[in-house]
Amino acid sequence: MIEYLSLFLFAGAIIVLLLGYSVAFSLAGTGLLFAAIGAATGHFDSVFLEAIPNRLFGIMNNEVLIAVPLFVFMGVMLEKSRIAEELLDTMALLFGPMRGGLGISVTLVGMLLAASTGIVGATVVTMGLLSLPTMLRRGYDPSVATGTICASGTLGQIIPPSIVLVLLGDVISSAYQQAQLDQGVFSPDTVTVGDLFLGALIPGLLLVFAYILYLVFKAITKPESVPAIPAEERDAVENLGGRVLHALVPPVLLVGLVLGSILGGLATPTEAASVGAVGAIVLSIVRKSFNLTVLREVMRSTTQVSSMVFIILVGASIFSLVFRGYGGDDLVRDFLNDLPGGVMGAMILVMLVIFLLGFFLDFIEITFVVVPIVAPILLSMGLDPVWLGVMLALNLQTSFLTPPFGFALFYLRGVAPDSITTMQIYRGVIPFIVIQLVALGLIALLPELATWLPELVYG
């Protein structure tokens, strides 16, 4: 019975989270409560708790994590200074002559916003507020409109340079080194955030391409569901070419500069994120949309998101320390090793569990709590760390889209007009879920889609 206390600890944390308590304090509080009970009954060695200060110092000393508030600042600045809104309007006019053009514009702008923030909730809410009224006003089928917005908003899970990949890359890197040390390799190979960025690039672009193909398919098979923008509205716009250059080129160059500097080895993710933050400020100044009110809103949003990320990381560190103190990692390792099907059986079970947890937990909790437990075990079985990271990110992206509990659905429901029903949102995302599942299957069958580019660039 004692060896299963770690599972009771995990179940207790899930129950407390489902009751609606703060994530960070639920994780830390549950961990410390079980540690106190275990120490009092002689089932837990309190020496494990002495490692907490070292863990917290390690979080404070982690240079990769400094990229998180900088990337968040960059994305929020592009949103608050209305650069994203201008970009969406311009892209809509550019693709307006074709049926489904507005949906394609939403997908491409969602990709750019995802690349600059990586926060699913922020992207879905922003795209919902900016584009949903426009799509409905121009006659789009509500299911197609809401499905496109939800799907493009979740691209922040997989399109680099998002903070999801920054956090996941840091955790995968630590898990990979731990797996090698457990195998007796005392000069372990490393995997970086840049490796994961490169690994996610092709799958992410394939998803965007597949989304656009679906919208083209809708335009051919059911054209009334994705109408074109009326010709008189397009003709009323003067100098569309100049407007495209003004609205599209600068943010694309900014994202390209940030991502290119990381992938080219010219800058670390933290250094590139600082360039992105400064670049977003420069863009807002050039557009004359920068003032103290905007800066105050951006700083407040950045502080809120960054504080949430880091306090969850602190709580998760305490929780995982107690979990290991109870021998939970050994229990999970033995269980996965004994599964039928070997490494593929273990991988399928882990993916299923993380998919279901994605209904109730945000990517930050899953990245900091679940991934550090299962990733070292899977990596010690011989899985590629970059492939594993991409599969986990895609899996979570699919989970956030899936009814009835997907986070993206609730975010959009919160900003959608009352005329939009929940069932319309559910129906709208189903084709995109199918696309996601096909993408997962493709990358499972062809790991080179995730591993080829990092190997080509970094050898």
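Predicted model, so just to flag it, every value in this text is computed and none were measured.

Cut-offs used in this document
Residues numbered from 1 in each chain as written. Predicted model: local features only at pLDDT ≥ 70, side-chain atom pairs only at ≥ 80, totals over all residues. Heavy atoms only, no water. Helix = DSSP H or I, 4+ residues; strand = E, 2+ residues; numbered from the N terminus. Rg over C-alpha atoms; globule rule 2.2 N^0.38 Å. Buried < 20%, exposed > 50% of the residue type's maximum accessible area, 1.4 Å probe, protein only. Contact = heavy atoms within 4.5 Å. Areas by Shrake-Rupley, 256 points an atom, 1.4 Å probe, with all protein chains shown as cover. Lys, Arg positive; Asp, Glu negative; His and termini not counted. Charge placed at Lys NZ, Arg CZ, Asp CG, Glu CD. Phe/Tyr/Trp six-rings, centres within 6.5 Å; stacked < 30°, edge-to-face > 60°. Core = buried A, V, L, I, M, F, W, Y, C linked by side-chain atoms within 4.5 Å. Axes fitted to C-alpha atoms, helices over the stretch in contact; angles between N-to-C directions. Parallel < 35°, antiparallel > 145°, perpendicular 65-115°, else oblique. Left-handed = near helix turned anticlockwise from the far one by under 90°. Nonpolar A, V, L, I, M, F, W, Y, C, P; charged D, E, K, R; others polar. 1 Å grid on protein atoms, 1.4 Å probe; cavity = no way out; pocket = protein on both sides within 12 Å on 5 of 7 lines; lining within 4 Å. Points joined across faces, edges and corners; volume = space filled by probe spheres on them. Polar contact = N/O pair within 3.5 Å; in protein donor to acceptor, adjacent residues only side chain to side chain. Patch = residues over 30% accessible without salt bridge, like charges linked within 9 Å, V, L, I, M, F, W, Y side chains within 5 Å. Salt bridge = Lys/Arg side-chain N within 4 Å of Asp/Glu carboxyl O. pLDDT = per-residue confidence, 0-100. Arc of directions from axis to C-beta.

K.L.:
Looking at this structure, how should I read the overall build of the protein?
P.N.:
Broken down by element type, the protein carries 22 helices and zero strands. In terms of C-alpha radius of gyration, the protein reaches 23 Å, essentially the compact-globule figure of 23 Å for 459 residues. If one aligns the C-alpha atoms of the protein with their principal axes, the spans along those axes are about 80 × 45 × 45 Å. By residue count, 55% of the 459 residues in the protein fall in the buried class. Pairs at least 24 apart in sequence give 81% of the contacts found in the protein among residues at least 6 apart. Counting only carbon and sulfur atoms, one obtains 68% of the accessible surface of the protein, whose full area is about 19000 Å². On the protein, the mean spot of the 18 positive side-chain charges and the mean spot of the 30 negative ones are 16 Å from each other.

K.L.:
Quick question: what am I supposed to make of the packing of aromatic side chains here?
P.N.:
Each aromatic ring pair is summarised here by two numbers: the centre-to-centre distance and the angle between the ring planes. Summed over the entire model, instances satisfying the criterion amount to six aromatic pairs. A ring pair is formed by Phe44 and Tyr326, whose centres lie 5.1 Å apart and whose planes are at 45 degrees; its orientation type is tilted. Pair noted here: Phe44 is in the loop between helix H2 (23–41) and helix H3 (52–60) and Tyr326 is in the loop between helix H15 (292–325) and helix H16 (328–337), with a separation of 282 residues, a long-range link. Comparing Phe44 with Tyr326 shows no difference in burial state: the two are buried. Within the aromatic cluster, the residues linked to one another by ring pairs are Phe10, Phe319 and Phe323.

K.L.:
Which parts of the structure should I look at to understand the nonpolar core?
P.N.:
The tendency in soluble globular proteins is for nonpolar side chains to be buried as a group. Counting 152 residues, the largest nonpolar core has Phe71, Ile158, Phe368 and Val390 as the members making the most contacts within it. Aside from chain neighbours lying at most four places away, what touches Phe368 is Leu167, Val171, Val309, Ile312, Leu313 and Ala316.

K.L.:
Looking at this model, I keep getting lost on the packing of helix H4 (residues 67–80) against helix H13 (residues 249–263). Mind explaining?
P.N.:
If you want to describe how two helices pack, look at the angle between their axes and the distance between the axes. Orientation of H4 relative to H13, taken along the N-to-C sense of each, is 165 degrees, at an axis distance of 12 Å. As far as their axial angle goes, H13 and H4 are roughly antiparallel. The way H4 lies across H13 gives a crossing that is left-handed. Across the interface between the two elements, Phe71, Met74 and Leu78 from H4 touch Leu254, Val255, Val258 and Ile262 from H13. Its residues assigned to classes, the contact of H4 with H13 shows seven nonpolar, no polar and no charged.

K.L.:
Hey, could you run me through the layout of surface pockets in this one?
P.N.:
In this approach, a probe sized like a water molecule rolls over the atoms, and the result shows the empty space that is left. Roughly 490 Å³ of volume is contained in the second largest pocket. Lining the second largest pocket are 19 residues, and of these Arg55, Asp170, Ser174, Leu313 and Ser317 lie nearest its centre. Elements that contribute at least two residues to the lining of the second largest pocket include exactly H3, helix H9 (163–182), H15 and helix H18 (363–380).

K.L.:
Just to check I follow, could you spell out the side chain of Ser317 for this structure?
P.N.:
Relative to the assigned elements, Ser317 resides in helix H15. At 2.8 Å, the side chain of Ser317 and the backbone oxygen of Leu313 are in polar contact.

K.L.:
How do you make sense of a nonpolar patch on the surface when you look at a structure like this?
P.N.:
Together, Ile430, Val434, Val438, Leu442, Leu445 and Leu446 make up an exposed nonpolar region whose accessible area comes to about 560 Å². Relative to the helices and strands, Val434 resides in helix H21 (residues 422–445). Accessibility expressed as a relative area gives 46% for Val434, which makes it partly exposed.

K.L.:
Would you explain the confidence of the model for the protein in this entry?
P.N.:
Any segment with low pLDDT has predicted coordinates that should not be analysed in fine detail. Put simply, the protein has an average pLDDT of 83, and 95% of its residues get 70 or more. Model confidence for the protein, summarised as mean pLDDT per element, is weakest for helix H11 (residues 231–235) at 64 and strongest for H21 at 92.

K.L.:
Hey, could you run me through helix H22 (residues 448–458) in this one?
P.N.:
An α-helical turn contains 3.6 residues, so a residue and the one three or four places further along point in the same direction. The set of residues buried in H22 consists of Ala450, Thr451, Leu453 and Pro454. The arc that holds the buried residues of H22, viewed along the axis, is 160 degrees, so those residues lie on one side. The inward-facing, buried residues of H22 contact helix H10 (193–221), helix H19 (385–401) and H21.

K.L.:
Any chance you could explain the environment of Val314 here in plain terms?
P.N.:
For Val314, the position within the fold is in helix H15. Look at Val314 and you get partly exposed, because its relative accessible area is 25%.

K.L.:
For this particular structure, what's the right way to read the environment of Gly428?
P.N.:
Note that Gly428 resides in helix H21. A sequence separation of 288 residues divides Gly428 from Tyr140, and the C-alpha atoms of the two residues are 12 Å apart. For Gly428, the contacting residues outside a window of four places in its chain are Ser143 and Gly147.

K.L.:
Is there a simple way to think about the packing of H16 against H18 in this case?
P.N.:
Running from N to C, H16 and H18 cross one another at 45 degrees; their axes reach a closest spacing of 10 Å. Relative to H18, H16 is oriented oblique. Viewed along their axes, H16 and H18 form a crossing whose handedness is right-handed. Contact residues: Asp329, Val332, Arg333 and Leu336 in H16; Ile373, Val374 and Ile377 in H18. A class-by-class count of the residues in the contact of H16 with H18 yields five nonpolar, no polar and two charged.

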